Amino acid sequence: MSMAQQAQPPAWRISLRTEERQSELAKTIQRLKKNKGAIAGGIVLTLLVLMAIFAPVLAPKDPVKQEYSRVLKPPSRDAPLGTDQFGRDVLSRVILGARPSLQAAALAILIAASVGTVIGLVTGYLGGWIDLLMQRLIDIQLAFPGILFALAIVAVLGPGLRNAMIAVGISLVPAYARMVRGSVLSVRENAYIEAAQVMGAGTSRIVARHILPNVLAPIVVLSTVGVAWAILIGASLSFLGLGAQLPDPEWGLDLAQARDYLREAWWMSTFPGLAIMLTALSVNLLGEGLRDALDPRLRNR
Amino acid sequence: MIVRRRVELVEDYQKGRMSRRQFAKGAIALGMAGSVVSSIITAGQTKAAPARRAASYPARYQQSGGVLVFGAWQTPDTLDPQKTGLAATGRLLANVFDPLIWQFPGDDTLYPGLAKSWDVSPDGLEYTFHLRDDVAFHNGEPLNAESVQYTFDRLVDPANQTLVPVPLGYDHVEIVDDHTAKVVFTKPYAPFLTLLARGYGFSYMLPPKFAAENSEGMGLKPPGTGPFVITDYAHGSHATLERNADYNWAPEYFGRQGPALLDRIEWRIIEESGTRASTLESGETQLIEEIVPAQYESFKENPAFQVITQDTLGCPRTVHLNCTKFPTDDVAVRHAMSYAVDKRVVTDVIFRGMVEPAYGPLEKLTPGYNPAVEEYYAFDPEKAKQILDEAGWTMNGDYRAKDGQELKALFIVTAKDNFDEPAQVIQSQFRDVGINLELTTEAQPTIFTTYNRGEQNLANIFWWDVDPEALFSLYHSSQIEQGFNWAHYTNPEVDKLLEQGFIEVDNEKRMDLYKQAQVLIMEDAPAIPVWGKRQLMAGKASITDIKFNLSVYPLYYNTTLGE
């Protein structure tokens, strides 16, 4: 109680900050609305998420049921997106594949963003030997290509979509840590941080109340771009047999399985591929819109 | 003892303590499956497929037998018959060298080759070979008893670093007279004659003078006694085989004598399967090997081409059921699994009729195959359900359970081994009877260690061999944890039969031992045979008469382009 009162900045400062923040959010939304790409991306992404949520209701067939009397059939009324080499319904697999694909991407980004942000905040604000140590560790990790690093982690954790996504999340941590640290370095030089320090606010309070809100925008942007990347890398890992496990539908895995049938059954690879592309594209468009909307240098346009 | 070393060998190779060559040597010396060895070896190679110039050989096609341009799938490591186990080399050398005795797939007859006749002593310790006196090597050396002695001396001398296995119990070769040689054993080794006819390793007689003076040359242009002479060889690229005009000692099986019909074989190495198929389509080659299912269908339907198939010997493509791990340690579960698999779906839907179902632990053409195995486990999902019901596995949701434990098995599939899709079919068919099958993939060679540790319930395996002794490697209890008994299967009766099989000299009695063993194995169901291995080639429709030796290497002696 007393701590909180001590840490309160002067009243005029609070009101100014709150007004600034509210109008800032409204302006951001305004700017976002003007960006047609971002709107389109948002709509498609919403539809994909809805599809994932209602997948069991939407899918016309059991996605793992093998029907040998209708293998490799092109799209028709019976199977709108065709059937695969086991006679399974491609449409049902694409619909149900949305769940693991999107869930996995969300998990990866959650790990990367939370761990990366904490590391970035701590190292950026505290500096000193912790910063030095963490930065060198991050240097080491950055020396590996992301996919290679993810492969190494999967090798330790064992195959499976969840492990693959933990791997992807961990491999994305340095990007967040570096970026957050950079933002923190500039934010902490602001007069209001100094003021908070002078007024006796504790480190954790300053970081949580005064620094984090100011570095949130770049984290949001990085996450939208990262989702697309996580889906693609998750697909790559499934493609290599290290991600989702058979016979469950997953876009990346289905794409990998369809590879041998490219010449004779285009529909097997086209539709899961299209789903991956749509997701990546919509998230990217939204992310780009957010970046433009949040970039201070573009604010006056 | 031998067996223990197999595992160490694979581990050493994994850990980088051995070179690829050393590994291959050890592996082959221990009699590991040729394909297993070759796949490990090729896995270590990173050489890109050579895209060779599209040289053409016009006009000459029309003369006599013509020139056959052949698209091979793999680069031979060496052409020295005693220093490799690769099929790529074996398939080339089968046309350059002759064995003492011939045998052919699906035909139990032993045909005289370089040996006119032979006698086996009643105790099975001495084999006397009476050689032809009219045979000469490509370099002019005559074939005589010294050649036989030299071939075996070279094989066993460690200084020569040979890679092929020495027959168990082999002692020495005695020269009786110029054209009579006696091979002496310290203990009987019944598969010896079949292995001599195998067309691999010590099957091939070597020219003593050339090999002694020019050891390197044996790996490049080794002179044999066969119907074709190697006149040009460029590693990783091509080889040229010219007809041997003096050849006059073909086995009776071919139905004629005299030189081969083709003038020449151009052996081109084209490692990528799609490229190989397109060279055949464009006419750049007339014959290719190792085709894939989609190519099989299109070549089969196109009247300009033919598909040449030959079933192989040894053990078929099989799923080993781990007899020591829950739930496959329950024989009822293994029986139910055996009834639940519809092999026809694998052969007809996945492989589109390119292969045939397998029924027993041995391939049909292997000597000693017992047709009684075909009576077992015809596809019957109702029976599978009934067996599980009776054994107390009751449905609980999608899958069965007993005493609170779900009927869930783990299939660790060998990566890049053509088993991914069949495994998914098996998974789906198990689901139909209430068995939950989890699939994971692991690559060679680490998967051998995993299989030997018994982490899996199901493992996929196959074996190249020409003799029913193959059963020893896959089903004898001494091969558990350190060999290829990935079913971790023990049956003292089977053990005893397989041990007797090594020493029984009377062939009929010997085959009988293996026939009994096959039935016992079927009863215990440590394995689900799925489909038979096949040599698959595609060629121009006009090509005639390609035969195969016991190793299922093609023989082009009677072949013509038919134009």
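Residue numbers run consecutively from 1 along every chain, following the written order of its sequence. For this description, chains carry letters from A and ligands carry numbers from 1, given in the order in which they are written. Since the coordinates come from a predicted model, pLDDT governs what is reported: local features require at least 70, and pairs of side-chain atoms require 80 or more to be given and counted, while whole-chain, interface and lining totals use all residues. In computing side-chain values, all of the structure's heavy atoms are included and hydrogens and water are not.

As for the packing of aromatic side chains
Residue and element names in this part refer to chain B.
Here comes step 1: Ring pairs shown here join Phe, Tyr and Trp side chains whose ring centres sit within 6.5 Å, with only the six-membered ring taken for Trp; geometry is labelled stacked below 30 degrees between planes, edge-to-face above 60, and tilted in between. Evaluation of the coordinates by the stated rule reveals 40 aromatic pairs over all chains.
Here comes step 2: Relative to Tyr170, the ring of Phe152 has its centre 5.3 Å away and its plane inclined at 20°; by these criteria the two rings are stacked. Of the two residues, Phe152 is situated in helix α5 (residues 145-156) and Tyr170 in strand β6 (residues 170-177); the sequence distance between them amounts to 18 residues. Considered together, Phe152 and Tyr170 belong to a single accessibility category, that of buried residues.
Here comes step 3: On the basis of an interplanar angle of 20° and a centroid distance of 5.5 Å, the ring pair of Phe448 and Trp486 is categorised as stacked. Of this pair, Phe448 sits in helix α14 (residues 446-453) while Trp486 sits in the loop between α15 (470-475) and α16 (492-503); the two residues are 38 residues apart in sequence, bridging distant segments of the chain. No difference in accessibility class separates Phe448 from Trp486, as the two residues are buried.
Here comes step 4: Sitting over the ring of Tyr200, Arg198 keeps its end group 4.6 Å from the ring centre.
Here comes step 5: Charges are assigned to positions over rings by a cutoff of 6 Å between ring centre and Lys NZ or Arg CZ, combined with an angular limit of 35 degrees from the ring normal. When the ring centre of Tyr557 is taken as origin, the NZ or CZ atom of Arg256, which lies over that ring, is 4.3 Å away. Only runs of H or I of at least four residues qualify as helices and only runs of E of at least two qualify as strands under DSSP, and these elements are numbered from the N terminus. Note on exposure labels: buried denotes an accessible area under 20% of the residue type's maximum, exposed denotes more than 50%, and partly exposed covers the range between, all computed with a 1.4 Å probe on protein chains only.

A closer look at empty space enclosed by the protein
Residue and element names in this part refer to chain A.
Here comes step 1: Buriedness of a pocket was judged along seven lines, with at least five required to meet protein on both sides within 12 Å; pockets are open sets of points on a 1 Å grid over the protein atoms alone, cavities are sets where a 1.4 Å probe fits but cannot get out, and lining residues have an atom within 4 Å of a point. Grid points are joined across faces, edges and corners, and a volume is the space filled by probe spheres set on the points. Considering all chains together, one arrives at 8 cavities of 30 Å³ or more under this definition.
Here comes step 2: Within this model, the largest cavity holds a volume of roughly 100 Å³.
Here comes step 3: What lines the largest cavity is Asp84, Gln85, Arg88, Val90, Arg93, Val94, Asp254, Gln257, Ala258, Met268 and Pro272.
Here comes step 4: At the level of elements, α5 (90-126), α11 (251-258) and α12 (266-294) are the ones that each hand at least two residues to the lining of the largest cavity.
Here comes step 5: Tallied by class, residues from the lining of the largest cavity come to 5 nonpolar, 2 polar and 4 charged. Following the grouping adopted for this structure description, the nonpolar residues are Ala, Val, Leu, Ile, Met, Phe, Trp, Tyr, Cys and Pro, the charged ones are Asp, Glu, Lys and Arg, and the polar ones are all others, Gly among them.

Some remarks on helix α9 (residues 191-198) of chain A
Residue and element names in this part refer to chain A.
Here comes step 1: For α9, the set of buried residues is Tyr192, Ile193 and Ala196. The arc that holds every buried residue of α9, seen down its axis, measures 105°, which confines them to one face. With respect to the buried face of α9, the exposed residues turned more than 90 degrees away are Ala191 and Val198.
Here comes step 2: Taken from the residues just after α9, Gly200 is the one with a positive phi, measuring 95°. The arc under discussion is defined with respect to the helix axis, by the directions toward the C-beta atoms.

Remarks on the interface of chain B and chain A
Here comes step 1: At the interface, 15 residues of chain B touch 16 residues of chain A.
Here comes step 2: A quick way to say it: buried area is the sum, across both parts, of accessible area lost when two parts are put together, with a 1.4 Å probe. Carbon and sulfur atoms supply 45% of the area that chain B and chain A bury against each other, a total of about 1400 Å² over both sides.
Here comes step 3: Criterion for a salt bridge: a side-chain nitrogen of Lys or Arg within 4 Å of a carboxyl oxygen of Asp or Glu. Counting every contact that joins chain B to chain A gives 2 salt bridges.
Here comes step 4: Its salt-bridge partner being B:Arg431, residue A:Asp62 comes within 3.3 Å of it at the nearest N-O pair.
Here comes step 5: Whenever two N or O atoms come within 3.5 Å, that pair is a polar contact, provided that in protein one can donate a hydrogen and the other can accept it, and provided that, for residues adjacent in sequence, both atoms are side-chain atoms. At the boundary of chain B and chain A, one finds 7 residue pairs in polar contact (both at pLDDT 80 or more).
Here comes step 6: Taken together, the elements giving at least two residues each to the side of chain B that touches chain A come down to α11 (343-350), α13 (420-432) and β18 (436-442) of chain B.
Here comes step 7: The biggest single contributor to the side of chain B that touches chain A is α13(B), with 8 residues.
Here comes step 8: Each residue belonging to the side of chain B that touches chain A can be placed in one class, and the counts come to 6 nonpolar, 5 polar and 4 charged. When checking whether two residues touch, look at their non-hydrogen atoms; a contact exists if any pair is within 4.5 Å.

Structural notes on the packing of α11(A) against α12(A)
Residue and element names in this part refer to chain A.
Here comes step 1: Angles here are taken between N-to-C directions and fall from 0 to 180 degrees, while the axes themselves are lines fitted to C-alpha atoms, restricted in helices to the stretch in contact. One can describe the packing of α11 onto α12 by two numbers: an axis separation of 8 Å at closest approach and a directional angle of 145°. At the point where α11 passes α12, the crossing takes the left-handed sense. When α11 is examined against α12, the residues Trp251, Gly252, Asp254, Leu255, Gln257 and Ala258 are found in contact with a partner set consisting of Met268, Ser269, Pro272, Gly273, Ala275, Ile276 and Thr279. Helix crossings fall into two classes, left-handed where the near helix is turned counterclockwise from the far one by less than a right angle and right-handed where it is turned clockwise.

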